[in-house]
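Read off the chains here:
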Amino acid sequence: MTCKRCQGRMARDHYLDIEQSGGEWWVEGWRCINCGHVFDPVVERNRRQHAAAMASVAVSAQDANDRTSTSKSKQDLLLDTAA
Ligand SMILES: [Zn+2]
């Protein structure tokens, strides 16, 4: 496994999960031996879900902008045709 940041080599590491109220206290993750970047599958999953949610919001906003700009450009076409 290689690091996303520096492409360095990742090593398995164990981290104390202080947020977890039950179950395992120690979680296994990956740490870059070059830059120290930590890859935690739970954090990565949360990042992806957040990124997908933000992309969905961005697409919705872009669709709304496209509808608005489309109607504006049609209006401009009508004005251009009338002139
Ligand atoms: Zn790294």
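Everything numeric in this text was worked out from a predicted model, so none of it was measured.

### Some points on the overall build of the protein chain
Part 1: When you go through the protein chain residue by residue, the secondary structure sums to one helix and three strands.
Part 2: Put simply, the protein chain runs from its N terminus to its C terminus through helices and strands in the order β-β-β-α.
Part 3: Burial status across the protein chain gives 1% buried among its 83 residues.
Part 4: Long-range contacts, defined here as pairs at least 24 residues apart, represent 37% of the contacts in the protein chain between residues at least 6 apart.

### Brief notes about the sheet that holds strand β3 (residues 38-39)
Part 1: Spatially, the three strands line up as an open sheet ordered β1-β2-β3, and their pairing is antiparallel. Each end of this open sheet is capped by a strand with a single partner; those strands are β1 (10-16) and β3.
Part 2: Bridge count for strand β2 (residues 26-32) against β3 is two bridges, and the pairing is antiparallel. Paired with W30 across the strands is F39, a residue of β3.

### Description of the confidence of the model for the protein chain
Part 1: Averaged over all residues, the pLDDT of the protein chain is 80; the fraction at 70 or higher stands at 75%.
Part 2: The lowest-confidence element of the protein chain is helix α1 (residues 41-82), averaging 75 in pLDDT; the highest-confidence one is β1, averaging 90.

### Some details on the environment of W26
Part 1: Within the secondary structure, W26 is located in strand β2.
Part 2: Take W26: there are 9 C-beta atoms within 10 Å of it, and that puts it in the exposed class.
Part 3: Considered as a pair, W26 and H14 are 12 residues apart in the sequence and their alpha carbons are 6.3 Å apart.
Part 4: Setting aside residues up to four positions removed in sequence, W26 forms contacts with H14, Y15, L16 and D17.

### Describing unusual backbone geometry
Part 1: A positive phi is found at Q7, a non-glycine position, where the angle reads about 65°.
Part 2: Residue position: Q7 is located in the segment before β1.
Part 3: You can call Q7 exposed: it has 10 C-beta atoms within 10 Å.

### Regarding the pairing of β2
Part 1: Judged from the seven bridges that link them, β1 and β2 form a sheet pairing that is antiparallel. Its bridge partner being in β2, Y15 is matched across the sheet by V27.
Part 2: Here β2 folds back onto β3, and the loop between the two strands holds five residues, one of which, G36, carries a positive phi near 90°.

What counts as what
- Residues numbered from 1 in each chain as written.
- Predicted model: local features only at pLDDT ≥ 70, side-chain atom pairs only at ≥ 80, totals over all residues.
- Helix = DSSP H or I, 4+ residues; strand = E, 2+ residues; numbered from the N terminus.
- Buried ≥ 20, exposed ≤ 12 C-beta atoms within 10 Å, placed from the backbone.
- Contact = placed C-beta atoms within 7 Å.
- Pairing = 2+ DSSP bridges.
- pLDDT = per-residue confidence, 0-100.

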